[in-house]
Amino acid sequence: MASPVRRRRFIIGSVLLAGILFFFFFPWEILFSIKDANISRASITRLTKLTRTEVGEIYGLLHLATGDNEQEHVLSNAVQLDPTQPIDLPFYAAGDASLDWSKERNRIDEEYPVIVFSKTYCQFSRRAKELLASYELQPPPKIIEVDIRDDGNVIKHLLTRLTKHSTFPNVILRGKSIGGSDRLQELHAQKSLRKLLEDAGALPLSNVGK
């Protein structure tokens, strides 16, 4: 029968051997991979929130609508087009897959910080355009008269889906609709329209709205 001393030595030796084997043969890379994966997921989540570069479909429409008249046919000639469903951005560029949409978005925001989808015969559109004109904006608003375009009906459906605003005028500041004539007049009366325009990058040269 083993003595207590030998028994203790055997137990201690077994524990030491198990510790050595555990240290050298445990797959530590798995543990670190899991740890790194957690850090990576968290980092990616933060990075996604901070550096989102996705360009919304509205910029496809703005690209097309602010271009030359020939671009009207992109929408009007597309027989199978369903404007109530999402459309890929290259479609708005007549299939040009090489267009850098991030740069195009920035260009549109710089050149046309204020874009107004209007109708020539609409009294509400006229009222909105007159109010904006009184601010003497630089650069001036880009006015798109939808009723004289051959793709006007398609644009109406696209604006309804993309901005949740189905009537005219539809005033767009840096890719976001602020509504129509009534909303514009309301913001003007509250003396908050001027700041909105300035924040969008359109400098009012008159004292209107102060």
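- Looking up the protein chain in an unreviewed UniProt entry gives the name Thioredoxin-like protein, with the organism given as Gymnopilus junonius.

1. Observations concerning the overall build of the protein chain
At step 1: Along its length, the protein chain carries ten helices and six strands.
At step 2: Taken across its 210 residues, the protein chain has 36% of its residues classed as buried.
At step 3: Considering only intrachain contacts with a sequence separation of at least 6, the fraction spanning at least 24 residues in the protein chain is 70%.

2. Considerations on the side chain of Arg 161
At step 1: Take Arg 161: it is sitting in helix 8 (residues 152-163).
At step 2: Note on Arg 161: relative accessible area 18%, which makes it buried.
At step 3: Side-chain polar atoms of Arg 161 contact the side chain of Glu 57, separated by 2.6 Å.
At step 4: Apart from residues no more than four positions distant in its own chain, Arg 161 is found in contact with Glu 57, Pro 83, Thr 84, Gln 85, Pro 86, Ile 87 and Tyr 92.

3. Topic: the environment of Ser 192
At step 1: Structurally, Ser 192 is set in the loop between helix 9 (181-189) and helix 10 (193-200).
At step 2: Each C-alpha atom of the pair Ser 192 and Gly 209 lies 7.6 Å from the other, and the pair is 17 residues apart in sequence.

4. Focus: the side chain of Arg 194
At step 1: One can find Arg 194 in helix 10.
At step 2: Judged by its relative accessible area of 10%, Arg 194 falls in the buried class.
At step 3: Contact partners of Arg 194, with chain neighbours within four places excluded, come to Tyr 135, Pro 204, Ser 206, Asn 207, Val 208, Gly 209 and Lys 210.

5. Brief notes about the confidence of the model for the protein chain
At step 1: Across the protein chain, the average pLDDT comes to 84, with 75% of residues at or above 70.
At step 2: When the criterion is pLDDT under 50, residues 27-52 qualifies, and its contacts beyond four places in sequence or with other chains add up to two contacts.

6. Notes on unusual backbone geometry
At step 1: The omega angle of the peptide bond from Gln 138 to Pro 139 is 0 degrees, so this bond is cis rather than trans.
At step 2: Along the polypeptide, Pro 139 turns up in the loop between strand 2 (137-138) and strand 3 (142-145).
At step 3: The omega torsion across Phe 168 and Pro 169 is 5 degrees, close enough to zero to call that bond cis.
At step 4: Mapping Pro 169 onto the fold places it in the loop between helix 8 and strand 4 (170-173).
At step 5: A positive phi angle, near 55 degrees, is found at Ala 94, a position not held by glycine.
At step 6: The residue Ala 94 is located in the loop between helix 5 (89-92) and helix 6 (101-111) in this model.
At step 7: One non-glycine residue, Lys 164, adopts positive backbone phi at about 60 degrees.

7. A closer look at helix 8
Helical geometry: 3.6 residues make up each α-helical turn, so side chains three or four residues apart lie on a common side.
At step 1: Compared with an ideal rise of 1.5 Å per residue, which puts twelve residues at 16 Å, helix 8 spans 16 Å between its outermost C-alpha atoms and is within 8% of the ideal.
At step 2: Every buried residue belonging to helix 8 is among Gly 152, Val 154, Ile 155, Leu 158, Leu 159, Arg 161 and Thr 163, and all of these are buried.
At step 3: In this structure, the buried residues of helix 8 make contact with helix 3 (58-65), helix 4 (72-76), helix 5, strand 1 (114-118), strand 4 and strand 5 (176-179).
At step 4: Looking one or two places after helix 8, you find Lys 164, whose phi comes out positive at around 60 degrees.

8. Things to note about the environment of Glu 111
At step 1: Mapped onto the elements of the fold, Glu 111 is located in helix 6.
At step 2: Judged by its relative accessible area of 39%, Glu 111 falls in the partly exposed class.
At step 3: Separated by 30 residues in the primary sequence, Glu 111 and Pro 141 place their C-alpha atoms 9.5 Å from one another.

The rules behind these values
- Residues numbered from 1 in each chain as written.
- Predicted model: local features only at pLDDT ≥ 70, side-chain atom pairs only at ≥ 80, totals over all residues.
- Heavy atoms only, no water.
- Helix = DSSP H or I, 4+ residues; strand = E, 2+ residues; numbered from the N terminus.
- Buried < 20%, exposed > 50% of the residue type's maximum accessible area, 1.4 Å probe, protein only.
- Contact = heavy atoms within 4.5 Å.
- Polar contact = N/O pair within 3.5 Å; in protein donor to acceptor, adjacent residues only side chain to side chain.
- pLDDT = per-residue confidence, 0-100.
- Expected span 1.5 Å × (residues − 1).

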